[in-house]
Amino acid sequence: MSKSKIGDKLLIIPQKIVTADSKNRILKGIAVEITDGKISSFVSKEEIQKENYAEVYNASNLILIPGFIQTHVHLSQTLFRGLAEDLPLLEWLRLKIFPFENAHNNESLLITAKLSINELLMGGTTTFLDMGTLRYGEVVLQEMIDSGIRGFSGKCLIDINDLYLEFKSSTNEEINEIRNLAQNYHNTGDGRIKYSFSPRFVLSCTEELLKETKEIMKDFPGSIYHTHSSESLQEIDEVRKRFHKENIEYFNSIGVLDDHTVLAHCVHTSDNERKMLKDRNTRIAHCPSANMKLGSGIAPIPQYLKEGISVTLGADGAPCNNNLSIFNEMRLASLIQKPIYGAESMDAQTIFRMATIEGAKALHIQDEVGSVEVGKKADLVLMDLDSYSNSYSDSDESIYSDIIFSSTTENVRSVMVDGRWLIKGRESLVYEHKEIISKGREELTKLMKRIR
Ligand SMILES: [Zn+2]
């Protein structure tokens, strides 16, 4: 697959390094040495001894950045891109997404996982937190191991489903299954793969399941509790009817909020709920494209940041986006707030950090990834910003806005995870594009026939 082997020393010589370290350093004239999957040293260009390396990647026209981290995606849904348009959240789930996910088998889930991982890698995302789906959770986890990407996944938990009756399981089955999956997959793939416990959302889970899942999680340190919260007003009305509480108040009352909980969305929250998020150090995964496409609203992100609440970014599912590009999310995360909070809010450097080191912190892997620093794992992206639609300035001043506002996934040239090249010169070393697209079409046709 990759030309390099474990144990080989590699050297990347970029034009600049945008480190995302605590000082936001931008380095020039520095090469990055990689040994056993880690950044082992920074070497000044004058001191390079090329003969010491199994591979020297001369990237003198490219910018080196940390791999992007997306804290909310749905690999199982990528196959359904373009098939769930112009619907609000609960209708989108009832009429489209739950019937589609319910019709998955091993083969269709495997190909949607491959298509997703491919799209994420091609766009420079090296780590993700996946919501999973109800069945065959092992298929996605195994493909994550095989592909070489880094991430968290696990089966999605549903033991109540008023929206689509067939798409659920029993509380006991759910509890047994997550224990087994976590035992089999947590910390596998040389530590790249971690388990995430994923109750779908409050309306799809019994209180027993929500609480018991949090208990089981204690046996798997480093795992994440991943759910959706406070996405649309209609959903929140349903939550109020059922629990006589706001969504986050309910989660708080049953003890599932802490610093290992990631809540996707949080578009609509009260003062009291924001206080709970802050006090519990709970993480928010902001998905601006999905929030706009489903008409859910605009999350008050500048307010969360001001109050010291952790916010990171995710593309959510392909059918509510319709893309898995971190560049779209970064651009929107900034632009949608400016008319509300002012032009100075959500500057490009803040957004860049949300998509890199802050993502790593949210998932408690900041000692391993999220920035380009000696001692960290080599999860790296090389970008070509030398195009007609990028900035013409060589100064550091323009670098963040050039990445956030002027770039797309097309600017990504090469991607490395754990010191292994997975994308090189825009060629995937993992997947054959024609093959996975044609297999995707084939499995989608079969899946649609399985829906009654
Ligand atoms: Zn989602």
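A quick note: this is a predicted structure, and the numbers were derived from the prediction, not measured. (Residues numbered from 1 in each chain as written. Predicted model: local features only at pLDDT ≥ 70, side-chain atom pairs only at ≥ 80, totals over all residues. Heavy atoms only, no water.)

Draft legend 1. Region of the structure containing the layout of surface pockets. The computed volume of the largest pocket comes to approximately 470 Å³. Lining the largest pocket we find 19 residues, and of these Thr78, Arg81, Leu115, Glu119 and Ile437 sit closest to its centre. Of all the elements in the fold, those that place two or more residues in the lining of the largest pocket are helix H2 (106-122) and helix H16 (433-450). Tallying contributions element by element places H16 first for the lining of the largest pocket, with five residues. A per-class count over the lining of the largest pocket returns six nonpolar, eight polar and five charged. Its boundaries defined by the atoms lining it, the second largest pocket holds a volume of some 220 Å³. Lining the second largest pocket are 16 residues, with Gln15, Leu385, Ser391, Ser393 and Asp394 sitting closest to its centre. (1 Å grid on protein atoms, 1.4 Å probe; cavity = no way out; pocket = protein on both sides within 12 Å on 5 of 7 lines; lining within 4 Å. Points joined across faces, edges and corners; volume = space filled by probe spheres on them. Helix = DSSP H or I, 4+ residues; strand = E, 2+ residues; numbered from the N terminus. Nonpolar A, V, L, I, M, F, W, Y, C, P; charged D, E, K, R; others polar.)

Draft legend 2. Fine view of the coordination of the zinc ion. Coordination sphere of the zinc ion, protein contribution only: His72 (NE2), His74 (NE2), His228 (NE2) and Asp316 (OD), at 2.0 to 2.3 Å. The site at the zinc ion holds four donor atoms, and with the angles between them running 89 to 173°, its shape is irregular. All donors of the zinc ion belong to a single chain; written as a sequence motif, their spacing is H-x1-H-x153-H-x87-D. Highlighted residues: His74 in the loop between strand E6 (68-73) and helix H1 (89-102) and Asp316 in the loop between strand E14 (311-313) and helix H11 (326-335), separated in sequence by 242 residues. A relative accessible area of 3% places His74 in the buried class. (Donors = N, O, S within 2.8 Å, 3.2 Å for Na, K, Ca; no water. Tetrahedral: all angles 85-135°; square planar, octahedral: opposite > 155°, others 65-115°. Buried < 20%, exposed > 50% of the residue type's maximum accessible area, 1.4 Å probe, protein only.)

Draft legend 3. Structural detail: helix H5 (residues 207-217). By the burial criterion, the buried members of H5 are Leu209, Leu210, Thr213, Lys214, Ile216 and Met217. Buried residues in H5, looked at end-on, bunch into an arc of 160°, giving them a common side. Those residues of H5 hidden inside the fold are in contact with strand E9 (156-157), helix H4 (171-185), strand E10 (193-199), strand E11 (224-229), helix H7 (247-253) and strand E12 (261-265). (Arc of directions from axis to C-beta. Contact = heavy atoms within 4.5 Å.)

Draft legend 4. Main features of the packing of H2 against helix H3 (residues 137-147). The N-to-C vectors of H2 and H3 enclose an angle of 40°; their axes lie 9 Å apart at closest approach. Judged by the inter-axis angle, H2 sits oblique to H3. Seen from above, H2 lies across H3 with right-handed handedness. Here H2 contributes Asn106, Leu109, Leu110, Ala113, Lys114 and Ile117 to the contact with H3, which in turn contributes Glu138, Val139, Val140, Glu143, Met144 and Ser147. Residues that form the contact of H2 with H3 fall into these classes: seven nonpolar, two polar and three charged. (Axes fitted to C-alpha atoms, helices over the stretch in contact; angles between N-to-C directions. Parallel < 35°, antiparallel > 145°, perpendicular 65-115°, else oblique. Left-handed = near helix turned anticlockwise from the far one by under 90°.)

Draft legend 5. Structural context of empty space enclosed by the protein. On inspection of all chains with the given rule, the structure shows two cavities of 30 Å³ or more. By volume, the largest cavity amounts to about 100 Å³. Lining the largest cavity are 13 residues, with Leu89, Trp92, Leu93, His228 and Glu231 sitting closest to its centre. Examining the composition of the lining of the largest cavity, we find that three residues originate from one element, H1, more than from any other.

Draft legend 6. Quick peek at the pairing of strand E16 (residues 412-417). Most of E16 is tucked away: five of the six residues are buried. By the bridge criterion, four bridges tie strand E15 (residues 380-383) to E16 in an arrangement that is antiparallel. Following the sheet pairing, Val381 is matched in E16 by Val415. Two elements, E16 and strand E17 (residues 420-424), share three bridges in a ladder whose sense is antiparallel. Along E17, the bridge assignment pairs Met416 with Trp421. Between the end of E16 and the start of E17, which pair antiparallel, lie two residues, with Asp418 showing a positive phi angle near 60°. (Pairing = 2+ DSSP bridges.)

Draft legend 7. Layout of the packing of aromatic side chains. Summed over the entire model, instances satisfying the criterion amount to 10 aromatic pairs. Ring centres of Phe80 and Phe100 lie 4.9 Å apart, and the angle between their planes is 35°; on these two criteria the pair is classed as tilted. A residue pair is termed long-range when its members are at least 10 positions apart, and Phe80 in the loop between E6 and H1 and Phe100 in helix H1 qualify at 20 residues. Classification of Phe80 by relative accessible area gives buried; the value is 0%. Consider the rings of Phe98 and Phe167, whose centres lie 5.3 Å apart with planes at 40°: the pair is tilted. Of this pair, Phe98 sits in helix H1 while Phe167 sits in the loop between E9 and H4, and the two are 69 residues apart along the sequence. Across this residue pair, the class does not change: Phe98 and Phe167 are buried. The structure contains a cluster of three or more aromatic residues connected by ring pairs, namely Phe68, Phe327, Phe352 and Tyr400. (Phe/Tyr/Trp six-rings, centres within 6.5 Å; stacked < 30°, edge-to-face > 60°.)

Draft legend 8. Quick look at the pattern of salt bridges. Going through the model one piece at a time under the given rule, you end up with 33 salt bridges. Lys155 is the partner of Glu174 in a salt bridge, and the nearest nitrogen-oxygen pair spans 2.9 Å. Residue Glu174 is located in helix H4, and its partner Lys155 is located in the loop between strand E8 (150-153) and E9; the two are separated by 19 residues in the primary sequence. Judged by its relative accessible area of 0%, Lys155 falls in the buried class. The shortest N-O distance in the salt bridge between Glu368 and Lys377 comes to 3.5 Å. Judged by its relative accessible area of 24%, Glu368 is partly exposed. Exposure remark for Lys377: the relative accessible area of 16% places this residue in the buried category. Each of Lys439, Glu442, Glu443 and Lys446 takes part in a single network of salt bridges with overlapping partners. (Salt bridge = Lys/Arg side-chain N within 4 Å of Asp/Glu carboxyl O.)

Draft legend 9. Highlighting the nonpolar core. Residues Ile65, Phe68, Trp92, Phe197, Met330, Phe352 and Ile403 are the most contacted members of the largest nonpolar core, which totals 113 residues. The element best represented in this core is H2, accounting for eight residues. Contacts of Phe68, omitting those with residues within four sequence positions, involve Gly123, Gly124, Thr125, Thr126, Thr127, Ile326, Phe327, Met330, Phe352, Ala355, Thr356 and Ile403. One finds Ile12, Ile34, Ala378 and Trp421 within the second-largest nonpolar core, a separate group that totals 18 residues. (Core = buried A, V, L, I, M, F, W, Y, C linked by side-chain atoms within 4.5 Å.)

Such coordinate-based values are descriptive only and should not be taken to indicate function.
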